[in-house]
Amino acid sequence: MSREEGDRLSRTSPSGWQKSSHSSDTDNCVEVRRQRPGPVIQLRESDDPRAVLAGTAASLNALLAALKRGVPL
């Protein structure tokens, strides 16, 4: 296993939530997981884990691109 794979796995919880590599070791982070079966990807803020944003990879990529461009939502 590569170091990168080990780092990724160390950020993944038993429930499948993976902590962003841009998050620190605090509880203030964004987490992601793929809901199987199917193409659904879920995002949540660790401060409020009950609030989950779900979508396909394409819809979440579009959201992230809009946020990076500063498009008001």
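Quick summary incoming for the structure in this document. (Residues numbered from 1 in each chain as written. Predicted model: local features only at pLDDT ≥ 70, side-chain atom pairs only at ≥ 80, totals over all residues. Heavy atoms only, no water.)

### A word on the overall build of the protein chain
So the rule is basically this: Only DSSP runs of H or I covering at least 4 residues are called helices, and only runs of E covering at least 2 are called strands; the numbering of each starts at the N terminus. Accessible area is worked out with a 1.4 Å probe on protein chains only. A residue is then buried under 20% of its type maximum, exposed over 50%, and partly exposed in between. Any two residues whose heavy atoms approach within 4.5 Å at even a single point are treated as in contact. Using the Shrake-Rupley algorithm and a 1.4 Å probe, accessible areas are obtained, with residue cover drawn only from the displayed protein chains.
Helices and strands together make up the secondary structure of the protein chain, namely 2 helices and 4 strands. What you see in the protein chain, going N to C, is helices and strands ordered as α-β-β-β-β-α. Taken across its 73 residues, the protein chain has 18% of its residues classed as buried. Put simply, of all contacts in the protein chain between residues at least 6 apart along the chain, 5% involve residues at least 24 apart. With the model as given, the accessible surface of the protein chain reaches about 5,600 Å², and the carbon-plus-sulfur share is 54%.

### Topic: the pairing of strand β2 (residues 30-35)
What counts here: When DSSP locates at least two bridges between a pair of strands, those strands are taken to pair.
As paired elements, strand β1 (residues 18-19) and β2 share 2 bridges and run antiparallel to each other. By the bridge assignment, Gln 18 is partnered in β2 with Val 32. Looking at chain direction, β2 and strand β3 (residues 40-45) are connected through 6 bridges and run antiparallel. Each residue of the ladder has a partner; that of Glu 31, found in β3, is Arg 44.

### Quick word on the sheet that holds strand β4 (residues 52-55)
Stated precisely, the cut-off is as follows: To define axes, lines are fitted to C-alpha atoms, for helices over the stretch in contact only, and angles between the resulting N-to-C directions are given on a 0 to 180 degree scale.
In space, the 4 strands of this open sheet follow the order β1-β2-β3-β4, with antiparallel pairing throughout. Two strands lie at the open edges of the sheet, namely β1 and β4, each paired on one side alone. With respect to the sheet, helix α2 (residues 57-69) is in contact with β3 and β4, its orientation differing from that of β4 by roughly 120°.

### Side note on the pattern of salt bridges
Basically, it comes down to this: What counts as a salt bridge is simple: a side-chain nitrogen of Lys or Arg found within 4 Å of a carboxyl oxygen of Asp or Glu.
Scanning all chains against the criterion turns up 2 salt bridges. In this structure, Arg 44 and Glu 31 form a salt bridge, with 2.6 Å as the shortest nitrogen-oxygen distance. Taken together, the positions of Arg 44 in strand β3 and Glu 31 in strand β2 put the pair 13 residues apart, joining distant regions of the chain. A single burial state applies to Arg 44 and to Glu 31, both of which are buried.

### Notes on α2
Quick reminder: α-helices carry 3.6 residues per turn. Residues three or four places apart thus point the same way. We apply this condition: What a helix is expected to span follows from its residue count: subtract one and scale by 1.5 Å.
End to end, α2 covers 18 Å across 13 residues, agreeing with the expected 18 Å (1.5 Å per residue, within 8%). Looking one or two residues past α2, Gly 70 carries a phi angle of roughly 80°, positive in sign.

### Focus on the pairing of β4
Pairing geometry for β3 and β4, over 4 bridges, is antiparallel. Across the sheet, residue Arg 44 finds its bridge partner in β4, namely Val 52. Adjacent in sequence and paired antiparallel, β3 and β4 are bridged by 6 residues.

### Details of the environment of Ser 21
Here Ser 21 is to be found in the loop between β1 and β2. We classify Ser 21 as exposed; its relative accessible area is 54%. Considered as a pair, Ser 21 and Glu 31 are 10 residues apart in the sequence and their alpha carbons are 9.5 Å apart.

Remember, this is a structural readout, not a statement about activity or role.
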